[in-house]
Amino acid sequence: MFYPISAYIGLRYARASKGNPFIAFINAFSVAGIALGLTALITVSSVMNGFEGELKKRILGINPHILVDTTDAVTVQQITALNHVHATTPMLESQGLLQSPRALHGVMIQGIDPDTMPSDAIISNHMMLGELTELKAGDYGLVLGRPLAAMLGLGIGDKVRLLSADASVYTPLGRMPSQRQFRITGIFDVGSELDDKVVLIHLNDALKLLRGKYDELAKTRLFLDDAFAWQSVTAELETMGLTSSNWRQRQGPLFDAVSTEKNMMALMLALIVAVAAFNIVSAMVMVVTEKRGDIAILRTQGMLGRDLINVFLINGLYNGVKGTLLGLVGGLLLASQLNNVLDLFGIHLLATPDGSGLPVDIQWHQVGVMLLMSLSLSLVATLYPAIRAARVQPAQALRDE
């Protein structure tokens, strides 16, 4: 097979470096460092992606992605046509207290229309007992999370008193919060921190509890295909003259903390890859020193400086590419089999509500960025020794020989 002379000599030097044990050790150390660093980077990033995905699915599945201050049928139809809007449904939100014979607990009341809720809504898919469709207008049924039901000692069919903090009535005893007795018709278990903070009732029952009208209190809940696309949807709503609220106003700090932790972990592991890549500098400087005589002969035979630079760039990149490929294979294997590996060592991490272990989400565009970063660092680490080789003076080098 034909090779350019620079590639031929560079690969020959890279494969022949085993003749010097110390250079061979430095090369092996740099390859191992890049491979281990990239393996750790891919694995940890995939686990962090999994945790972020679980939070997005479970917390933002209960919290409305966006609430729009309108229920006009024509406007809602226009909203449904916007990019990233997966479904819409009328909704009412209010704060209140849930009182049982055992305890009293603050909750967020969500008045919903079960008939227009999307079939893939997370609560619908995580009902332990009952169904959302059992919420009927006028029946005063209530659906709550499993932790809240256990805390208050409630089960299907039990009666509970729901008090609204946003509405009140005048009684002979003075002004009292609006309240009504509800019957437990369903219990869900999403595995979210909001399971003990949210209760669902029918929208019409919520309007009666709050003593308000549909046009005054109801809003339109938007389900997005990607909750993180809220900015573009909000911008389009503003151009339509509509006001809205979104999940960032409630859960933004939590996801900012997760994103910061994810980025800092990636930066720390990327620095490990960088340190390993710059070990190539040490090995290449020694190779250039060892090959001064060969460099002088190549120069006297007419090889140009840029060709010499290419020789040693290829020599150095050989180790970088080898370490990157090993790290890629190791990272993908470890990330995809991480829970099996942990089970093999007797480590059982039940980090997901269903007890399936650590959530892992390998994002290929992210892996591609990591590969480019590793190869770029290897290239940068090789530049200085390669340029130094091109500056070797043939006469001085041959005199030293």
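Structural notes, computed from the coordinates. (Residues numbered from 1 in each chain as written. Predicted model: local features only at pLDDT ≥ 70, side-chain atom pairs only at ≥ 80, totals over all residues. Heavy atoms only, no water.)

It is worth spelling out the overall build of the chain at this point. For the chain, the helix and strand inventory stands at 14 helices and 10 strands. Per-residue burial for the chain yields a buried fraction of 46% across its 401 residues. Here the contacts in the chain between residues at least 6 apart in sequence split such that 80% fall between residues at least 24 apart. If you sum the accessible surface of the chain, you get close to 20,100 Å²; carbon and sulfur atoms cover 59% of it. (Helix = DSSP H or I, 4+ residues; strand = E, 2+ residues; numbered from the N terminus. Buried < 20%, exposed > 50% of the residue type's maximum accessible area, 1.4 Å probe, protein only. Contact = heavy atoms within 4.5 Å. Areas by Shrake-Rupley, 256 points an atom, 1.4 Å probe, with all protein chains shown as cover.)

So, about the side chain of His-105. Position of His-105 among the secondary structure elements: in strand β3 (residues 104-112). Among the polar contacts listed, one links the side chain of His-105 to the backbone oxygen of Asp-196, at a separation of 3.0 Å. Those residues in contact with His-105 that sit more than four places away from it in its chain are Gly-96, Leu-97, Leu-98, Leu-148, Met-151, Leu-152 and Asp-196. (Polar contact = N/O pair within 3.5 Å; in protein donor to acceptor, adjacent residues only side chain to side chain.)

Take unusual backbone geometry next. Phi is positive for His-84, which is not a glycine, with a value near 75 degrees. Counting through the fold element by element, His-84 comes out in the loop between α3 (73-80) and β2 (85-99). Note on His-84: relative accessible area 33%, which makes it partly exposed. Backbone geometry at Arg-211 places phi at a positive 55 degrees, although glycine is not the residue there. In this structure, Arg-211 sits in the loop between α5 (203-210) and α6 (214-217).

A separate point is the nonpolar core. Membership of the largest hydrophobic core comes to 33 residues, with the highest contact counts inside it found for Ile-123, Leu-132, Leu-200, Leu-222 and Leu-237. Mapped by element, the contributors of at least two residues to this core are α2 (21-62), β1 (66-68), β2, β8 (198-202), β9 (219-224) and α7 (230-239). Discounting chain neighbours no more than four positions away, the residues touching Leu-200 are Gln-110, Ile-112, Ile-123, Leu-132, Leu-135, Gly-141, Leu-142, Val-143 and Phe-188. Within the second largest apolar cluster, 24 residues are counted, among which are Val-107, Leu-144, Leu-162 and Leu-207. (Core = buried A, V, L, I, M, F, W, Y, C linked by side-chain atoms within 4.5 Å.)

Applying the stated criterion to the full structure yields 5 aromatic pairs. Taking the centre distance of 5.8 Å and the plane angle of 85 degrees together, the rings of Phe-228 and Phe-255 count as edge-to-face. Residue Phe-228 is found in the loop between β9 and α7, and its partner Phe-255 is found in helix α8 (residues 248-277); the two are separated by 27 residues along the sequence. Assessed through its relative accessible area of 32%, Phe-228 is described here as partly exposed. Centre to centre, the rings of Trp-230 and Trp-247 are 6.5 Å apart; their planes meet at 80 degrees, and the pair counts as edge-to-face. Remark: Trp-247 occurs in the loop between β10 (244-246) and α8 and Trp-230 occurs in helix α7; sequence separation between them is 17 residues. The same class applies to Trp-230 as to Trp-247, namely buried. Through pairs of rings, three or more aromatic residues link up here, namely Phe-228, Trp-230, Trp-247 and Phe-255. Positioned above the aromatic ring of Phe-228 is the side chain of Lys-56, whose terminal nitrogen or guanidinium carbon lies 4.4 Å from the ring centre. (Phe/Tyr/Trp six-rings, centres within 6.5 Å; stacked < 30°, edge-to-face > 60°. Lys NZ or Arg CZ within 6 Å of the ring centre and 35° of its normal.)

This part takes up the packing of α8 against helix α9 (residues 279-290). The relative placement of two packed helices is expressed as an angle between their axes plus a distance between the axes. Two elements in contact, α8 and α9, have axes whose closest approach is 4 Å; the angle formed by their N-to-C orientations is 5 degrees. Relative to α9, α8 is oriented roughly parallel. When α8 is examined against α9, the residues Val-275, Ala-276 and Ala-277 are found in contact with a partner set consisting of Asn-279, Ile-280 and Val-281. (Axes fitted to C-alpha atoms, helices over the stretch in contact; angles between N-to-C directions. Parallel < 35°, antiparallel > 145°, perpendicular 65-115°, else oblique.)

For the rest of this paragraph, the subject is the pattern of salt bridges. Side chains bearing opposite charge may pair, as long as their charged atoms lie close to each other. Considering all chains together, one arrives at 9 salt bridges under this definition. Its salt-bridge partner being Lys-56, residue Asp-226 comes within 3.2 Å of it at the nearest N-O pair. Here the residue Asp-226 occupies a position in the loop between β9 and α7, and Lys-56 occupies one in helix α2, the gap between them amounting to 170 residues. Taking relative accessible area as the criterion, Asp-226 reaches 29% and is therefore assigned partly exposed. With relative accessibility at 26%, the residue Lys-56 sits in the partly exposed group. Residue Glu-93 is joined to Arg-250 by a salt bridge in which the shortest nitrogen-to-oxygen separation is 2.3 Å. On the criterion of sequence distance, the pair formed by Glu-93 in strand β2 and Arg-250 in helix α8 is long-range, its members being 157 residues apart. By relative accessible area, which is 22% here, Glu-93 ends up partly exposed. (Salt bridge = Lys/Arg side-chain N within 4 Å of Asp/Glu carboxyl O.)

Looking now at α8. By the largest-angle criterion, Leu-254 marks the main kink of α8, which is about 30 degrees. Taken as a whole, α8 has its buried residues at Gln-251, Gly-252, Phe-255, Val-258, Lys-262, Leu-269, Ala-270, Val-273, Ala-274, Ala-276 and Ala-277. (Bend = angle between axes of the 7 residues up to and from the residue.)

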